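Residue-level listing of the chains:
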Amino acid sequence: QVQTDWTDGEDSIEAMARAAIEVGLEYIAITDHTKSLAMTGGADEKKLLRQIEEIARINKKFLKSDFRILTGAEVNIMKDGSLDISDGVLAKLDVVGAAAHSHFGLSRIEQTKRIIRAMENPNVDIIFHLTGRLINKREPIDIDFEEILKTAKRTGTVLEINAYPSRADIKDEYIRKCVDAGVKMSIDSDTHSKDHFKLLEYGVAQARRGWATKGDIINAWPVEKMLNFLK
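Okay, so let's go over this structure. (Residues numbered from 1 in each chain as written. Predicted model: local features only at pLDDT ≥ 70, side-chain atom pairs only at ≥ 80, totals over all residues. Heavy atoms only, no water.)

**Description of the overall build of the protein**
Scanning the protein from terminus to terminus reveals 8 helices and 6 strands. Mapped in sequence order, the helices and strands of the protein form the string α-β-α-β-α-β-α-β-α-β-α-β-α-α. In terms of principal-axis extent, the alpha carbons of the protein reach across some 45 × 35 × 35 Å. The 231 residues of the protein split such that 54% are buried. For the protein, restricting intrachain contacts to residue pairs at least 6 apart in sequence, the fraction spanning at least 24 positions comes to 74%. On the protein, roughly 10,700 Å² of surface is accessible, and the fraction owed to carbon and sulfur atoms is 50%. Taken as two groups, the 34 positive and 37 negative side-chain charges of the protein have centres that lie 2 Å from each other. (Helix = DSSP H or I, 4+ residues; strand = E, 2+ residues; numbered from the N terminus. Buried < 20%, exposed > 50% of the residue type's maximum accessible area, 1.4 Å probe, protein only. Contact = heavy atoms within 4.5 Å. Areas by Shrake-Rupley, 256 points an atom, 1.4 Å probe, with all protein chains shown as cover. Lys, Arg positive; Asp, Glu negative; His and termini not counted. Charge placed at Lys NZ, Arg CZ, Asp CG, Glu CD.)

Pasting the structure below:
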């Protein structure tokens, strides 16, 4: 997942793409925040549609390099598990990640139902930073991970390994359970600036602690294989 200056990132889409090429990536997904996170300048439906057009324009500059920018969003999961962007617009994106950014104090039952409802949306491909923890700052939300795991398997939803050092979310114990259950994961840098792609190595280390291999990590695959796997 990559945030840009369209919301709370520091750099432009093109600058992020060029930085990704420098570190050897073959593709990135632009996943700016959505409208209910007003403090980030989150995108509404109209802004997302404009960004889709802008990414198509920028992708033309990389035709000879075989690098690709994917359209996407980090959609906010509301208290009841609904999303803050319409399904019609989400269906136009290459990759849809969903994440909880508020209501961290809900009960275990409520939090689990909330996340499951988001996973059951046919447009949600990935759950970003599932437990919302910030190490030494915020405790993880209380969820029934076994139920989350069953839902991920049933719906084909990917769980993110967020490489940002303060998150390291999901934890290695959960990664191992995903491996054993055949639930696929992604390793994402949660990049907010050109310098953050180097954080991917921490996500790789976290994945290894959970015994994950390339077969478990969808963005270790070629872009077309990865896209064909998504909902």
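**Comments concerning the packing of aromatic side chains**
The final tally for this structure, using the stated rule, is 3 aromatic pairs. Relative to Phe67, the ring of Phe62 lies with its centre 5.7 Å away and its plane at 65°, an arrangement referred to as edge-to-face. The same class applies to Phe62 as to Phe67, namely buried. With centroids separated by 5.6 Å and ring planes inclined at 90°, the aromatic side chains of Trp221 and Phe229 adopt a geometry described as edge-to-face. Residue Trp221 is classed as buried on the basis of its relative accessible area of 10%. Lys171 extends its terminal NZ or CZ atom over the ring of Tyr174, reaching a point 4.9 Å from the ring centre. Sitting over the ring of Trp211, Arg176 keeps its end group 3.9 Å from the ring centre. (Phe/Tyr/Trp six-rings, centres within 6.5 Å; stacked < 30°, edge-to-face > 60°. Lys NZ or Arg CZ within 6 Å of the ring centre and 35° of its normal.)

**A look at the layout of surface pockets**
Where empty space is left can be seen by rolling a probe of water-molecule size over the atoms. Here the largest pocket is characterised by a volume of approximately 780 Å³. Lining the largest pocket are 33 residues, and of these Leu25, Ile187, Leu200, Asn219 and Ala220 sit closest to its centre. Listing elements by their share of the lining of the largest pocket, those giving two or more residues are strand E1 (27-30), strand E6 (185-188) and helix H7 (200-209). Per-element tally for the lining of the largest pocket: the top contributor is H7, with 5 residues. The residue inventory of the lining of the largest pocket, partitioned by class, reads 21 nonpolar, 7 polar and 5 charged. (1 Å grid on protein atoms, 1.4 Å probe; cavity = no way out; pocket = protein on both sides within 12 Å on 5 of 7 lines; lining within 4 Å. Points joined across faces, edges and corners; volume = space filled by probe spheres on them. Nonpolar A, V, L, I, M, F, W, Y, C, P; charged D, E, K, R; others polar.)

**Digging into helix H5 (residues 145-155)**
Buried within H5 are the following residues: Phe145, Ile148, Leu149, Thr151 and Ala152. Within H5, the buried residues cover an arc of 165° as seen down the axis, which keeps them to one side. Counted as exposed and oriented over 90 degrees from the buried face of H5: Lys150, Lys153 and Arg154. Buried residues along H5 sit against helix H4 (108-119), strand E5 (158-162) and helix H6 (172-181). Where H5 begins, the capping side chain belongs to Asp144, and its oxygen is found 3.2 Å from the backbone nitrogen of Glu146. Looking one or two residues beyond H5, the residue adopting positive phi is Gly156, at roughly 70°. (Arc of directions from axis to C-beta. Polar contact = N/O pair within 3.5 Å; in protein donor to acceptor, adjacent residues only side chain to side chain.)

**Structural notes on the pairing of strand E3 (residues 95-100)**
Most of E3 sits inside the fold, with 6 of its 6 residues counted as buried. Side chains of E3 alternate between two faces, with Val95, Gly97 and Ala99 and Val96, Ala98 and Ala100 buried alike. Strand direction decides the pairing type here: strand E2 (residues 68-77) and E3, joined by 6 bridges, are parallel. Each residue of the ladder has a partner; that of Asn76, found in E3, is Ala99. Both E3 and strand E4 (residues 126-127) contribute to a ladder of 2 bridges, which runs parallel. Bridge assignment links Ala98 to a residue of E4, and that residue is Ile127. Handedness of the crossover joining E3 and E4 through H4 is recorded here as right-handed. (Pairing = 2+ DSSP bridges. Right-handed = clockwise from strand over helix to strand, strands pointing away.)

**Here we look at the sheet that holds E3**
Ordered by their spatial adjacency, 6 strands build an open sheet running E1-E2-E3-E4-E5-E6, and the pairing between neighbours is parallel. Each end of this open sheet is capped by a strand with a single partner; those strands are E1 and E6. Sheet topology note: the E1/E2 ladder contains 4 bridges and is parallel. Within E2, the residue paired with Tyr27 across the bridge is Arg68. Helix-sheet contacts for H4 involve E2, E3, E4 and E5, and the interaxial angle to E2 is about 145°. (Axes fitted to C-alpha atoms, helices over the stretch in contact; angles between N-to-C directions.)

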